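Remarks on the overall topology
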Amino acid sequence: MAAGDMEKADLRAEVDRLRNWYKDHGTDVVNPGAAQRTRLNVDAVNLLSRAQQTADAQIAEAEDYARRLVGQARQQYEQILQEAQQQAEEAATQAVDVYRSSGEVQSAEAEELERRIAYLRTFAEVTQVQLRAVLEGLANEVNKLGSLPESSRHAVASSSSGQDAG
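Read on for an overview of the structure. Worth saying up front: this structure is predicted, and the values here are computed from it rather than measured.

With that out of the way, let us pick up the overall build of the chain. Each helix and strand counted, the chain has four helices and zero strands in total. In the chain, the succession of α and β elements from N to C terminus is α-α-α-α. The buried share among the 166 residues of the chain stands at 12%. In the chain, of all internal contacts separated by at least 6 residues, the share reaching a separation of at least 24 is 65%. Carbon and sulfur atoms make up 54% of the accessible area of the chain, which totals about 13,300 Å².

The following block contains the structure:
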């Protein structure tokens, strides 16, 4: 019996030694399902991390695009304003010339009023036409921002199907 007890003790010591060896080398022989669950958790964290990085990149790209779009809109606004002022000034000068050529003798004040009226009419018309065109273009660009590009849709679909399979 003593020999049997000694052999049992030796075998227990050997089992403990082997368990420790496997544990030191990354294998849990006592609870083998824990390693697989840990691996699944790591995969889930990695997938979420990649998704967050992709989302951050998309947001940064959209913000950059919006900044550029606003800058271009400001430039167009300034250009439209200058063109409208120039056309209005030309129309005002033409109105004064027509007024003078009519042969009626009027005061300088009436001439100036006629010039200002022509200037304001032309300025308003030119500005309205050009601003409508800019607003339509801006609305189109905003609508583009509201939809995901096809490559992004594919990436989102494949990442979610990969998550469902795991």
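Under the counting rule described, the total for this entry stands at two salt bridges. Taking the shortest distance from any N to any O, the salt bridge between E14 and R17 comes out at 2.6 Å. On the criterion of helical spacing, the pair formed by E14 and R17 is a turn pair, its members being three residues apart in helix 1 (residues 2-24). Relative accessible area serves as the criterion here: at 45%, R17 is assigned to the partly exposed category.

What follows covers helix 3 (residues 108-145). Its 38 residues give helix 3 an end-to-end C-alpha distance of 54 Å, which sits within 8% of 56 Å, the value for a rise of 1.5 Å per residue. For helix 3, the set of buried residues is E111, A118, T122, F123, V126, T127, Q130, V134 and E141.

Once that is clear, we can look at the packing of aromatic side chains. Counted under the stated rule, the structure contains one aromatic pair. Relative to Y22, the ring of W21 lies with its centre 5.0 Å away and its plane at 85°, an arrangement referred to as edge-to-face. With relative accessibility at 42%, the residue W21 sits in the partly exposed group.

About the thresholds
- Residues numbered from 1 in each chain as written.
- Predicted model: local features only at pLDDT ≥ 70, side-chain atom pairs only at ≥ 80, totals over all residues.
- Heavy atoms only, no water.
- Helix = DSSP H or I, 4+ residues; strand = E, 2+ residues; numbered from the N terminus.
- Buried < 20%, exposed > 50% of the residue type's maximum accessible area, 1.4 Å probe, protein only.
- Contact = heavy atoms within 4.5 Å.
- Areas by Shrake-Rupley, 256 points an atom, 1.4 Å probe, with all protein chains shown as cover.
- Salt bridge = Lys/Arg side-chain N within 4 Å of Asp/Glu carboxyl O.
- Expected span 1.5 Å × (residues − 1).
- Phe/Tyr/Trp six-rings, centres within 6.5 Å; stacked < 30°, edge-to-face > 60°.

By themselves, these are just geometric observations and shouldn't be taken as functional.
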